[in-house]
Amino acid sequence: EIPLNYGADRLGKRYDADMQKFRDNRLGAFIHWGLYAIPGGEWNGKVYPGAAEWLKSWAKVPSGEWLELMKQWNPTKFDARKWAKMAKEMGVRYVKITTKHHEGFCLWPSKYTENTVANTPYKKDLLGEMVKAYNDEGIDVHFYFSVMDWSHPDWRYDVKTPEDSAAFSRFLTFTDNQLKELATLYPTVKDFWFDGTWDASIKKNGWWTSHVERMLKEMLPGVTINSRLRADDYGKRHFDSNGHLMGDYESGYERRLPDPVKDLKVTRWDWEACMTVPENQWGYHKDWSLSYVKTPVEVLERIVHAVSMGGNMVVNFGPQADGDFRSEEKELAKSIGAWMKKNGQCIYGCDYAGWEKQPWGYYTRKGSDVYMVVFNCPYSKHLTVKTPKGTQVVKAALLNRKSVKVVETARNEYNVDMPAQEPGEPFVIKLQIKEAA
Ligand SMILES: C#C[C@@H]1N[C@@H](C)[C@@H](O)[C@H]1O
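Conventions we followed
Residues numbered from 1 in each chain as written. Predicted model: local features only at pLDDT ≥ 70, side-chain atom pairs only at ≥ 80, totals over all residues. Heavy atoms only, no water. Helix = DSSP H or I, 4+ residues; strand = E, 2+ residues; numbered from the N terminus. Expected span 1.5 Å × (residues − 1). Buried < 20%, exposed > 50% of the residue type's maximum accessible area, 1.4 Å probe, protein only. Contact = heavy atoms within 4.5 Å. Core = buried A, V, L, I, M, F, W, Y, C linked by side-chain atoms within 4.5 Å. Near = heavy atom within 4 Å. Polar contact = N/O pair within 3.5 Å; in protein donor to acceptor, adjacent residues only side chain to side chain. Areas by Shrake-Rupley, 256 points an atom, 1.4 Å probe, with all protein chains shown as cover. Nonpolar A, V, L, I, M, F, W, Y, C, P; charged D, E, K, R; others polar. Pairing = 2+ DSSP bridges. Axes fitted to C-alpha atoms, helices over the stretch in contact; angles between N-to-C directions. Parallel < 35°, antiparallel > 145°, perpendicular 65-115°, else oblique. Left-handed = near helix turned anticlockwise from the far one by under 90°. Right-handed = clockwise from strand over helix to strand, strands pointing away.

> I keep staring at helix α9 (residues 296-308) and nothing clicks. Help me out?
Residues three or four positions apart in an α-helix share a direction because the helix packs 3.6 residues into each turn. The terminal C-alpha atoms of α9, which comprises 13 residues, lie 18 Å apart, in line with the 18 Å expected from a rise of 1.5 Å per residue. Buried within α9 we find V299, L300, I303, V304, H305, A306, V307 and S308. Buried residues along α9 sit against β1 (27-31), β8 (271-275), β9 (311-317), α10 (327-343), β10 (361-366) and β11 (369-374). Trailing α9 by a residue or two, G310 shows a phi angle of about 80°, which is positive.

So this is what it looks like as C-alpha cells:
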C-alpha cells in the first residue's frame, strides 16, 4: 500500500451505536434553504433552468449584489414545529439542513461573517429553531456545510501563488472556526455532510480535510462525516490512494443510484444517496415545469432501491423564501408518509438481503426477515424468488395481513403468488425463511 498521512482513518464499516443509528434511520430529508429561495431561479427577468441554488453562478451575479438579497430575507410563514411535523408524517428519521450553501449565507448567527441570518429582517437563529423542533419530534439533525464559499474574499478555486496560499490559509482558519461554532452551538447534530470540495484548492489540502474529520469527531464523539469532505495526500477524493473509503459513508450518489446488479460492491461499505424531485432542483425554483418532476411512487422506488443495496436515501425539499413549502412537496411528504406508515418495517433498520435481484422489485432484509418490495406485477401472477443455496422459503405473507401461496418450482426457486386483490400501490411480502445451519 502507498504510505499516506491523510488517507482513511479506519478500514471497514463502523459498528458503534451512533453509526448503527445512522444506518437504521435509512430515510432522510434534505432541506436546501438560502437566499437563492428569494429569486427562485429568475434574475433580472430571465428564468434560468439550472439548479436554483446556483443562480448566482448562472446569472454571473457579483457577491455584493447577491448578498443584497439579505435585506429581503424574512420568512414570515416559517414555523419550525410545522416543518418538524411534516418530516415526522413523512416518516423520515433524519433531516439534513444546509447551514451554509455555496452562496455563503449562514442560517445561524455566525460571528465569523456578516453574511448571516442575524443581519436580515428575520434576525433570529433559524438553524437553532430547526434543530430544536426536529429533535423534539425525535428526528436526528445532520448539517450540510459547503466548504466552497462564493462570498468569502479568501476562497480560491486553486492555490498557485504565495498570495493564494496566504488567502486560502485564512479561509481554512475561517472555515475551522465556523465548524467549531456549529459543533459548539448545536451539540445534538449527528452528522456533517460536506459539499463544495471538488476544486484543486481543497484537493491540494488533503491534510485539512483529515484535520476537520478528526476535529469534529473529537468535539462530538460518534458524529458521522461524509466521504465528500475528504481528500488524501495526493488529492484523491472519497476513496484514498489505496482504495479505502474515507469518512464514514460514501456520499457520491447525488441524483443517481448504484446499479442493483452490476454495482453490488457498494454493499461492502456504508453509503447514502440524495435525490431531487425535479430533475435537478435543490433550492426553491419558481417553475417546476422546466423539467420532469418525479411522482411519489418514483421517489419511493429510489428509497427502496437504496435500502435494498444497504444505503440510505435523502429526499430533497426546497422551502420557499416565505418559509412555507410548495404544494407538490407537501403532497409528496404525505404520500410517502402514508406508505411508510404501512410498510416502514421493510425500510427502517433493513439492509442488503444478498439474494439475486428479480424484475418485480427489491429485497430488503432485517435479521432473518426478508422483505419483497414489489413495484412491477408480472402477467404470470406470481413472483419468482431464487434463494441462496441452503435457504428455503417457509411462508410468505402480505405485511401484517393474510399469507400468500408459495410453491417450490425447482431447487432454491419458488413462485410466490400475487395478492388476490390488486393492491394499487407498491406492496410488501414478508418471507419466513429457513437457512441451513
Ligand atoms: C453541485 C452541487 C450541489 N450538491 C447538491 C447536494 C446541492 O447542494 C447542489 O447545489
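> In this structure, what is going on with the nonpolar core? I would like to understand it.
One recurring pattern in soluble globular proteins is that nonpolar side chains are buried together. Ranked by size, the top nonpolar core spans 105 residues in total, and within it W33, Y134, F192, F194, L216, V315 and F317 carry the most contacts. Examining the composition of this core, we find that 7 residues originate from one element, helix α6 (residues 162-185), more than from any other.

> How should I be thinking about the site of the ligand in this particular structure?
Contacts to the ligand come from H32, E53, W54, H101, H102, Y144, W193, D195, E254 and W282. Within the side chain of H101, an N or O atom sits 2.7 Å from an oxygen atom of the ligand. One of the side-chain nitrogen or oxygen atoms of E254 is found 3.2 Å away from a nitrogen atom of the ligand. Coverage of the ligand by the protein amounts to 88% of the 290 Å² it exposes when considered alone. Considered class by class, the residues forming the shell around the ligand number 4 nonpolar, 3 polar and 3 charged.

> Just to check I follow, could you spell out the sheet that holds β10 for this structure?
Strand pairs in the sheet, formed through backbone hydrogen bonds, run parallel or antiparallel to each other. Strand order in the open sheet formed by 4 strands is β10-β11-β16-β13, with antiparallel pairing between adjacent strands. The sheet is open, and its two borders are formed by β10 and β13 (391-398), each paired with just one other strand. For this sheet, the mean inter-axis angle between neighbouring strands, taken without regard to orientation, is 30°. Sheet analysis places β10 next to β11, joined by 6 bridges and oriented antiparallel. In the strand pairing of β11, Y363 is matched with M372.

> Explain the sheet that holds strand β14 (residues 406-410) to me, please; I cannot follow it from the model alone.
The 3 strands lie next to each other as β12-β15-β14, forming an open sheet whose pairing is antiparallel. Among the strands making up the open sheet, the edge pair consists of β12 (382-386) and β14. Between one strand axis and the next, the sheet turns by 30° as a mean value, whatever way the strands run. In this structure, β14 lies alongside strand β15 (residues 413-417), joined through 4 bridges in antiparallel fashion.

> I tried to follow unusual backbone geometry on my own but got confused; where do I start?
Excluding glycine, most residues fall at negative phi; most peptide bonds, likewise, are trans. Positive phi, normally seen in glycine, also occurs at H238, with a value near 65°. Looking at where H238 falls in the secondary structure, it is placed in the loop between β7 (224-225) and β8. Note on H238: relative accessible area 14%, which makes it buried. Backbone geometry places K381, a non-glycine residue, at a positive phi of 65°. Relative to the elements of secondary structure, K381 occurs in the loop between β11 and β12.

> Honestly, the packing of α6 against helix α8 (residues 206-219) in this entry has me stumped. Any pointers?
Two quantities define a packed helix pair, namely the angle between the axes and the distance from one axis to the other. Viewed as axis vectors pointing N to C, α6 and α8 meet at an angle of 20°, and their least axial separation amounts to 10 Å. One way to sum up the angle between α6 and α8 is to call them roughly parallel. Viewed along their axes, α6 and α8 form a crossing whose handedness is right-handed. Where α6 abuts α8, its residues L172, T175, D176, L179, K180, A183 and T184 lie against W207, W208, H211, V212, M215, L216 and M219. A per-class count over the contact of α6 with α8 returns 9 nonpolar, 3 polar and 2 charged.

> Explanation requested: the side chain of T98 in the structure shown.
Within the secondary structure layout, T98 lies in strand β4 (residues 94-100). For T98, a relative accessible area of 1% corresponds to the buried category. A polar atom in the side chain of T98 sits 3.0 Å from the backbone nitrogen of W33. Non-local contacts of T98, meaning those with residues more than four positions away in its chain, are made with I31, H32, W33, Y36, L107 and Y144.

> I tried to follow the packing of helix α4 (residues 80-90) against α10 on my own but got confused; where do I start?
Running from N to C, α4 and α10 point in directions that differ by 40°, and their axes come no closer than 7 Å. When the axes of α4 and α10 are compared, the pair comes out oblique. Residues M86, E89 and M90 of α4 lie in contact with α10, whose contacting residues are E329, K330, A333, I336, G337 and M340.

> What's the story with the pairing of β9 in this structure? I'm lost.
Along a regular strand, successive side chains alternate from one face of the sheet to the other. Along β9, 7 of the 7 residues are buried, which leaves the element largely enclosed by surrounding structure. Taken together, the 5 bridges between β8 and β9 define a ladder with parallel strand orientation. Residue pairing across strands places W271 opposite G311, the latter belonging to β9. Running through α9, the crossover from β8 to the neighbouring parallel element β9 is right-handed.

These results come straight from atomic positions and should not be treated as a statement about function.
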